[in-house]
Amino acid sequence: MSAYVIRYVDRAAQRKSALTAPQRASLEELEKRLSLNPFGPPAISNRDNSWSASFKGGFITYVVSNRHVVINVVDLVAL
């Protein structure tokens, strides 16, 4: 099975660039896990075709395209 490519919409990409170093490292670990299985732990279904997953210091909301093997991050919230 191919790994999923992760893309960020503009607002989420801007928030990603503003993360602290520890938050960014935690997010990168999350991205590695999700790219292999966007539906497995720690993903949580939002019951509207979107998913959420948390990292140390925040969480992302994303949708998955199985046809194109892409995860589109539509929001990133730093806590």
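Just so we're clear, the structure is a prediction, and the values are computed from it rather than from any experiment. Each residue is numbered by its place in its chain's sequence as written, counting from 1. Note on the predicted model: pLDDT of at least 70 is required for a residue's local features to be given, and 80 or more for side-chain atom pairs to be given and counted; whole-chain, interface and lining totals, by contrast, use all residues. Hydrogens and water molecules were not included; the side-chain quantities draw on all heavy atoms of the structure.

**Here's the deal with the environment of Gly57**
Logical step 1: Strands are runs of DSSP state E lasting at least two residues, helices are runs of H or I lasting at least four, and both sets are numbered from the N terminus onward. Here Gly57 lies in the loop between β3 (51–55) and β4 (58–65).
Logical step 2: Residues Gly57 and Arg24, 33 residues apart in the sequence, show an inter-C-alpha distance of 9.0 Å.
Logical step 3: Working rule for contacts: check all heavy atoms of both residues, and any pair within 4.5 Å makes them a contact. Not counting the four nearest positions on each side in its chain, Gly57 is found in contact with Gln23, Val77, Ala78 and Leu79.

**Let's talk about the environment of Val70**
Logical step 1: If you trace the backbone, Val70 turns up in strand β5 (residues 70–78).
Logical step 2: Counting along the chain gives 42 residues from Val70 to Glu28, while the straight-line C-alpha distance between them is 16 Å.
Logical step 3: Once residues within four sequence positions are removed from consideration, Val70 is found in contact with Tyr4, Val5, Arg7, Val63, Val64 and Ser65.

**A word on the sheet that holds strand β2 (residues 44–45)**
Logical step 1: Two strands are said to pair when DSSP picks up at least two bridges between them. Pairing within the open sheet is mixed, and its five strands lie in the order β1-β5-β4-β3-β2. Looking at which strands have only one partner, the edges of the open sheet turn out to be β1 (5–8) and β2.
Logical step 2: Orientation is described by axes fitted as lines to C-alpha atoms, over the contacting stretch for helices, and by angles from 0 to 180 degrees between their N-to-C directions. The sheet contacts of helix α1 (residues 10–17) involve β1 and β5, and relative to β5 the element is tilted by about 55°.
Logical step 3: Helix α2 (residues 21–36) rests against β1, β3, β4 and β5 of the sheet, and its axis sits at about 140° to β3.

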